[in-house]
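# Reading the structure
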Amino acid sequence: MLNFLSCRENGTLDPLALVRAEATRRTFSLELSKEQDVKRIHASGVNSLDLDPVEGRYLISGGADGVIAIYDTHNLSGTPSNTSEAVCTVGRSHRHVHKYSVETVRWYPHDTGLFTSSSMDKTLKVWDTNVLLPAEVFQFEGTVYSHAMSPVAKKHCLIAVATMTSIVTLCDLKSGSSTHILKGHRAAVKCARWSPRNPYLLATGSQDNKVLLWDVRSAKSSLMSLDQHNGELATSTAAVNTAHNGHVNGLCFTPEGLHLLSFGTDHRLRLWDTATGRNTLVNYGKICNESKKSVQFTVSRGSSPDVVFVPDDSSIAMFDVFGGTSLHRLVGHYNYVQCCVFNPDTQELYSGGSDSNILVWVPDLGRGEDYEDSKKQKAEPSRRSQNTQAYQDTWSSDED
């Protein structure tokens with residue numbers, strides 16, 4: 001790091017290179033925080049987390065007990081030790097509380113004045129944060145597993161809703177309408193994600209083992225169905241055009257939007273090129289996924305290489321997105337991890353599990369190393385051995 005600072009002072013290093021190196025060092029050294037904590041509010045498991053994209057300060061959680069809580073994660077105590085308190089909650093006594101388990105909570109992408117929640121009670125609610133009352137309620141025929149809003153859309157305010165039915169419903173916040181539907185799946189839709197690059201590109205995963213990409217401006221059919229075999233199987237095979245050999249219950253785009261990660265109950269994580277729809281064939285190994293719900297995983301931003309954080313039983317596995325290398329495992333929960341969210345400003349990770357806890361993972365600055373420096377250190381022994389061979393005595397005695 002001192003070398004980076006020296007080069008930056010001399011003007012021989014791009015400023016972004018220093019930022020990227022520090023972000024990488026912090027991301028690779030995450031550990032369970034000994035000083036930061038989140039107050040336990042939920043009586044049952046934590047199903048969903050989201051960090052507000054405006055300030056990166058307010059964390060919202062939705063639990064299996066139907067409760068929604070909003071926490072202030074900023075440490076204003078003046079001491080290293082801090083417990084993030086809930087600034088407001090939609091508890092069981094609230095007259096507009098969800099009747100059953102809250103499956104997904106999301107902040108409005110451009111303002112903390114609104115947030116959305118969906119539940120097993122077949123509703124999607126749009127909440128006014130200031131008064132903590134629903135401004136709009138959408139009713140559905142089946143259980144709502146997941147919903148998502150585009151982080152970059154400026155010409156539409158659509159919420160994609162994945163339900164127990166095979167239809168993806170698009171709810172319009174401007175008109176209050178939910179008549180726009182997408183037909184293509186043959187079983188319940190478990191997850192939906194918008195591209196951070198294209199405001200009209202939507203990805204959905206289903207119990208039919210498929211991942212479909214949609215252009216929401218055209219409801220006639222999907223753009224493509226992702227095929228794990230890249231079209232190399234015979235058309236008569238049942239596995240043709242399936243993304244996984246199990247239900248798809250997790251999706252996440254990379255920060256630049258050029259690739260999509262999918263997670264299935266076949267215990268596999270796959271990386272797709274969103275332009276061509278091809279499976280990149282990156283092998284992450286077996287990752288435990290026996291969840292019947294939507295699984296929320298996330299990708300780091302600003303580090304090199306990018307890191308994906310995936311719930312794996314009671315731990316969180318860290319992988320190099322494009323290399324598939326297992327980097328680290330975060331252990332701290334006592335039961336299944338259901339969700340995690342990454343803060344790109346501080347390189348901190350928040351995770352929620354069936355043990356009702358929300359854990360904070362922070363960089364260990366005493367342990368962290370620059371990724372590039374660690375690679376150089378690994379290469380040092382081979383270079384040293386090559387150098388020492390040049391000075392070794394090759395003389396041999398005739399007496400031997």
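What you are looking at is a predicted structure, and each value in this text was computed from that prediction instead of being measured.

## Side note on the packing of aromatic side chains
What the rule picks out here adds up to five aromatic pairs. Consider the rings of F263 and F297, whose centres lie 6.1 Å apart with planes at 75 degrees: the pair is edge-to-face. With F263 in strand 21 (residues 259-264) and F297 in the loop between strand 22 (268-273) and strand 23 (298-299), this residue pair connects regions lying 34 residues apart in the sequence. Taking relative accessible area as the criterion, F297 reaches 2% and is therefore assigned buried. With 5.7 Å between their ring centres and 80 degrees between their planes, Y284 and F319 make a pair best called edge-to-face. Within this pair, whereas Y284 is found in the loop between strand 22 and strand 23, its partner F319 is found in strand 25 (residues 315-320), the two being separated by 35 residues in sequence.

## Some points on the sheet that holds strand 17 (residues 201-206)
Here four strands make up an open sheet; going across it, the order is 16-17-18-19 and the pairing antiparallel. Sheet topology places strand 16 (189-194) and strand 19 (224-225) at the edges, where each strand pairs with a single neighbour. Where strand 18 (residues 211-215) meets strand 19, two bridges bridge the pair, whose relative direction is antiparallel. From the neighbouring strand, L213 faces strand 19, where its bridge partner is M224.

## Digging into unusual backbone geometry
Omega for the peptide link from S304 to P305 comes to 5 degrees, which places this bond in the cis form. Take P305: it is sitting in the loop between strand 23 and strand 24 (307-312). We note that K122 has phi near 70 degrees; this positive angle belongs to a residue other than glycine. Along the chain, K122 falls in the loop between strand 9 (114-119) and strand 10 (123-128). In this structure, H267 takes a positive phi of about 65 degrees despite not being glycine. Its location among the elements puts H267 in the loop between strand 21 and strand 22. You can call H267 buried: its relative accessible area is 18%.

Reading guide: rules and limits
- Residues numbered from 1 in each chain as written.
- Predicted model: local features only at pLDDT ≥ 70, side-chain atom pairs only at ≥ 80, totals over all residues.
- Heavy atoms only, no water.
- Phe/Tyr/Trp six-rings, centres within 6.5 Å; stacked < 30°, edge-to-face > 60°.
- Helix = DSSP H or I, 4+ residues; strand = E, 2+ residues; numbered from the N terminus.
- Buried < 20%, exposed > 50% of the residue type's maximum accessible area, 1.4 Å probe, protein only.
- Pairing = 2+ DSSP bridges.

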